[in-house]
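A structural walkthrough
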Amino acid sequence: VSWSVRSDAQCVTFFDDEAMFLASTPSPELESFETLTPDNAFVRDELVLPGFTMSFAPAGDTKGGVFDIPLGGAVYATHGSQYVAYQFSDPSILTFDFNSPKNAFGLTLTDVGFPNGGTLTFMNDAGDVATVSMGAMPLGNQAFFGVINYEFDFTMVVLELDDNTD
C-alpha cells in the first residue's frame, strides 16, 4: 500500500491503523448501521442516518443496501452485525454529507482491491486529498482508512474507489 497526500492544513494526519486513529480522536462518533432495517439487497440510492447522509454514485448505476448476512464470504460486518454494501461501478463514489462539522473520519472496507488491486481516493471540503494505491489483495480482506484534520473542520467526504474488482 502506498500513499499520496495533499492537504491545505498544516496539521493533518492520515491513518491506515484503526487503533491508532481511535487513540488520536477524542470522543469519536461511531456508526455501525445497527439501527437501520436490513435490505439484504442493493436497493438504495442513499442512506439517511441521524448524523449524516451517505449517497452512492454514479446515480442509476450504483445502488447500496444494509446487510446483516455476509456476501460471498468477502463482504461482512466489521463492527456489530450489520454493514453497508454497494454495487461496484468503475469508479464507485461514496459521498458522506455530515449534519455538523467534523475534523475526523474513518472507515473500514472489506474486500477492497480484490483481485487486482486499485486505488482509493479520499477528498473533503477542507481541501484534504489522499490517494491510497494497493496491489492485489486477498478475498475478504479488511482495510482501514482515516483522517484527522487538526486545523479545519469539514462537512463532506467523498471516496472514489477504482479497485478493478470482480
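Residues numbered from 1 in each chain as written. Predicted model: local features only at pLDDT ≥ 70, side-chain atom pairs only at ≥ 80, totals over all residues. Heavy atoms only, no water.

1. Focus: the overall build of the protein chain
- Looking only at helices and strands, the protein chain has one helix and 12 strands in total.
- Along the protein chain, helices and strands appear, N-terminal first, in the series β-β-α-β-β-β-β-β-β-β-β-β-β.
- Looking at the protein chain residue by residue over its 166 residues, the buried ones come to 41%.
- In the protein chain, the share of contacts with a sequence separation of at least 24, taken over all contacts with a separation of at least 6, comes to 73%. (Helix = DSSP H or I, 4+ residues; strand = E, 2+ residues; numbered from the N terminus. Buried < 20%, exposed > 50% of the residue type's maximum accessible area, 1.4 Å probe, protein only. Contact = heavy atoms within 4.5 Å.)

2. Regarding the pattern of salt bridges
- One pass over the structure, following the stated rule, counts three salt bridges.
- For Glu29, the salt bridge is made with Lys102, and the minimal N-O distance between the two is 2.9 Å. Pair noted here: Glu29 is in the loop between helix H1 (18-24) and strand E3 (46-48) and Lys102 is in strand E7 (residues 92-102), with a separation of 73 residues, a long-range link.
- Judged by relative accessible area, which is 64%, Glu29 ranks as exposed.
- Among the ionic pairs, Arg44 bridges to Asp39, the shortest N-O distance being 2.6 Å.
- Its relative accessible area of 26% is what places Asp39 among the partly exposed residues. (Salt bridge = Lys/Arg side-chain N within 4 Å of Asp/Glu carboxyl O.)

3. Observations concerning the environment of Tyr76
- As for its placement among the helices and strands, Tyr76 is situated in the loop between strand E5 (64-67) and strand E6 (83-86).
- Take Tyr76: its relative accessible area is 22%, and that puts it in the partly exposed class.
- A sequence separation of 33 residues divides Tyr76 from Leu109, and the C-alpha atoms of the two residues are 9.3 Å apart.
- Those residues within four positions of Tyr76 in sequence are excluded, and the remaining contacts are Pro70, Tyr83, Thr110, Gly140, Asn141 and Gln142.

4. Considerations on the sheet that holds strand E8 (residues 104-110)
- Spatially, the three strands line up as an open sheet ordered E2-E11-E8, and their pairing is antiparallel. This sheet does not close on itself; its edge strands, each paired only once, are strand E2 (12-15) and E8. On average, each strand axis in the sheet is inclined to that of its neighbour by 10 degrees, with strand direction left out of account.
- In terms of strand pairing, E8 meets strand E11 (residues 142-149) through seven bridges, oriented antiparallel. Its bridge partner being in E11, Ala104 is matched across the sheet by Ile148. (Pairing = 2+ DSSP bridges. Axes fitted to C-alpha atoms, helices over the stretch in contact; angles between N-to-C directions.)

5. Section: the confidence of the model for the protein chain
- Confidence in the prediction for the protein chain averages 84 pLDDT; 87% of positions are at 70 or higher.
- Taking the mean pLDDT of every element in the protein chain, the minimum, 60, falls on strand E1 (residues 2-6) and the maximum, 93, on E7. (pLDDT = per-residue confidence, 0-100.)

6. Concerning the nonpolar core
- Counting residues in hydrophobic clusters, the biggest one holds 29 residues, and the most contacted among them are Phe96, Phe105 and Leu159.
- For this core, the secondary-structure elements that each account for two or more residues are strand E4 (52-57), E7, E8, strand E9 (118-124), strand E10 (129-134), E11 and strand E12 (154-162).
- Excluding its chain neighbours within four sequence positions, the residues that come into contact with Phe96 are Phe52, Thr53, Met54, Phe105, Thr155, Met156, Val157 and Leu159. (Core = buried A, V, L, I, M, F, W, Y, C linked by side-chain atoms within 4.5 Å.)

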